[in-house]
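Chain by chain, the residues run as shown.
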Amino acid sequence: MSTLVLVHGFWHGSWCWSEVIPHLVAAGRTAVAVDMAGHGLHARRPRWFTERPYDRAAVAAEVSPVADVSLDGAAALLTEQVKRIGRGEPVTVVAHSAAGPVLTRVAEQAPELVAHAVYLTAYMPASDMPAVAYTRIPEAAGDQVAPLLRGDPAEIGALRLDVATDDPAYRRGLREAFYGDVDPRLADAATGLLTPDGPLGIMLGTTTLTRAGWGSVPRTYVLCAKDQALQPAVQRRFVAEADAAFSGNPTSVVSLDASHSPFLSMPGRLAEVIVQNG
């Protein structure tokens with residue numbers, strides 16, 4: 001049984017797996033959660049987030065301190081983490097949301113390090129396609145994250161959430177987008193841990209996929225049917241594109257009746273899925 005490496009999505013941190021890891025360990029698996037580049041202990045917060053008085057204009061205008069984080073850099077960090085945790089042996093990597101392109105790059109460049117790639121309602125872009133392109137396709141219509149973004153991502157270098165605001169309508173929008181089926185008290189606690197900036201560079205980067213690289217790695221897609229951040233139709237498109245390109249290695253699909261964050265709403269069930277598919 002391979003070691004499990006858990007990677008969070010944008011704005012989150014390794015903390016989001018804290019409810020899942022005990023279930024994985026109880027099932028006899030070794031599991032380690034890591035911080036993605038620009039997040040968690042690797043995060044750098046903009047001035048408007050820490051300085052007072054609160055400057056609403058700066059929220060939309062300040063260039064992000066993580067604007068220099070690229071898909072290349074994020075993949076290099078994850079590769080280093082995987083090598084250290086697995087001690088050179090292949091590991092199962094579980095990627096949530098915007099960590100998907102990072103896992104894809106690592107699996108393409110070093111398939112020998114990835115025993116199984118698990119995409120948890122994650123971006124799984126096709127060859128040479130940036131993840132950001134999937135936010136503009138018809139299937140993405142109705143997602144609840146886009147209205148929450150502040151500033152021009154191309155100008156500030158990040159996908160920015162105003163997690164410092166006290167606007168009740170905005171904070172309700174955060175909960176609905178990410179934690180629609182999570183206990184409200186737990187959702188409030190999670191919202192308080194979010195960092196404001198997701199590096200745009202991760203979403204802009206592309207990876208050329210090959211049969212010997214990413215196409216050779218066993219993969220599972222965990223589809224979340226109630227997701228309002230990454231629409232289920234977009235998730236299904238990822239699977240369809242992957243299977244069309246690499247028909248000899250089809251994607252195993254598991255569906256959860258969950259919103260964007262099953263690691264909080266159904267950690268036990270998610271752990272079962274990971275154990276069964278990793």
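The preceding data block contains the structure.
Residues numbered from 1 in each chain as written. Predicted model: local features only at pLDDT ≥ 70, side-chain atom pairs only at ≥ 80, totals over all residues. Heavy atoms only, no water.

**Student:** Break down the overall build of the chain for me, with residues and values.
**Tutor:** Assigned secondary structure in the chain consists of twelve helices and eight strands. The C-alpha radius of gyration computed for the chain amounts to 18 Å, which stays within 12% of the reference 19 Å derived for 278 residues, consistent with globular compactness. Its C-alpha atoms give the chain principal-axis dimensions of about 55 × 35 × 35 Å. When each of the 278 residues of the chain is scored for burial, the buried share is 55%. A separation threshold of at least 6 residues defines the contact pool for the chain, and within that pool the share at least 24 residues apart is 78%. Summed over all atoms, the accessible surface of the chain reaches about 11,100 Å², with 53% contributed by carbon and sulfur. Between the centroid of the 23 positive side chains of the chain and the centroid of its 29 negative side chains there is a distance of 2 Å. (Helix = DSSP H or I, 4+ residues; strand = E, 2+ residues; numbered from the N terminus. Rg over C-alpha atoms; globule rule 2.2 N^0.38 Å. Buried < 20%, exposed > 50% of the residue type's maximum accessible area, 1.4 Å probe, protein only. Contact = heavy atoms within 4.5 Å. Areas by Shrake-Rupley, 256 points an atom, 1.4 Å probe, with all protein chains shown as cover. Lys, Arg positive; Asp, Glu negative; His and termini not counted. Charge placed at Lys NZ, Arg CZ, Asp CG, Glu CD.)

**Student:** Could you give me a rundown of the side chain of Ser2, with the residues and numbers involved?
**Tutor:** On the secondary structure map, Ser2 appears in the segment before β1 (4-7). When its relative accessible area of 16% is taken as the criterion, Ser2 is described as buried. Of note is the side chain of Ser2, whose polar atom sits 2.7 Å from the side chain of Thr92. Sequence-distant contacts of Ser2, that is, excluding residues within four places in its chain, are made with Arg29, Pro90, Val91, Thr92, Ala115 and Gly278. (Polar contact = N/O pair within 3.5 Å; in protein donor to acceptor, adjacent residues only side chain to side chain.)

**Student:** Before we move on, can you summarise the layout of surface pockets with the specific residues and values?
**Tutor:** A probe as big as a water molecule, rolled over the atoms, marks out the empty space that is left. Estimates place the volume of the largest pocket at around 390 Å³. If you trace the largest pocket, you find 24 residues lining it, with Tyr123, Thr135, Leu149, Leu159 and Met203 closest to the centre. When residues in the lining of the largest pocket are grouped by element, the largest group, three residues, is from helix α9 (residues 200-204). Each residue belonging to the lining of the largest pocket can be placed in one class, and the counts come to 18 nonpolar, four polar and two charged. (1 Å grid on protein atoms, 1.4 Å probe; cavity = no way out; pocket = protein on both sides within 12 Å on 5 of 7 lines; lining within 4 Å. Points joined across faces, edges and corners; volume = space filled by probe spheres on them. Nonpolar A, V, L, I, M, F, W, Y, C, P; charged D, E, K, R; others polar.)

**Student:** Break down the sheet that holds strand β8 (residues 252-256) for me, citing the residues and quoting the values.
**Tutor:** Ordered in space as β2-β1-β3-β4-β7-β8, the six strands form an open sheet in which the pairing is parallel. At either end of the open sheet lies a strand with only one pairing partner, and these are β2 (31-34) and β8. The mean inter-strand angle of the sheet, taken between neighbouring strand axes irrespective of direction, is 20°. Where β1 and β2 come together, four bridges link them in parallel fashion. Bridging across to β2, Val7 finds its partner in Val34. (Pairing = 2+ DSSP bridges. Axes fitted to C-alpha atoms, helices over the stretch in contact; angles between N-to-C directions.)

**Student:** Give a description of unusual backbone geometry that names residues and reports values.
**Tutor:** Going from Arg52 to Pro53, the amide bond is cis rather than trans, its omega being 10°. By the element assignment, Pro53 lies in the loop between α2 (47-50) and α3 (56-61). Of note, the phi angle at Trp11 is positive, near 75°, even though the residue is not glycine. Among the structural elements, Trp11 can be located in the loop between β1 and α1 (21-26). Not every positive phi belongs to a glycine, and Ser97 is a case in point at roughly 55°. Summarising the element assignment, Ser97 is placed in the loop between β3 (91-96) and α5 (100-109). Classification of Ser97 by relative accessible area gives buried; the value is 10%.

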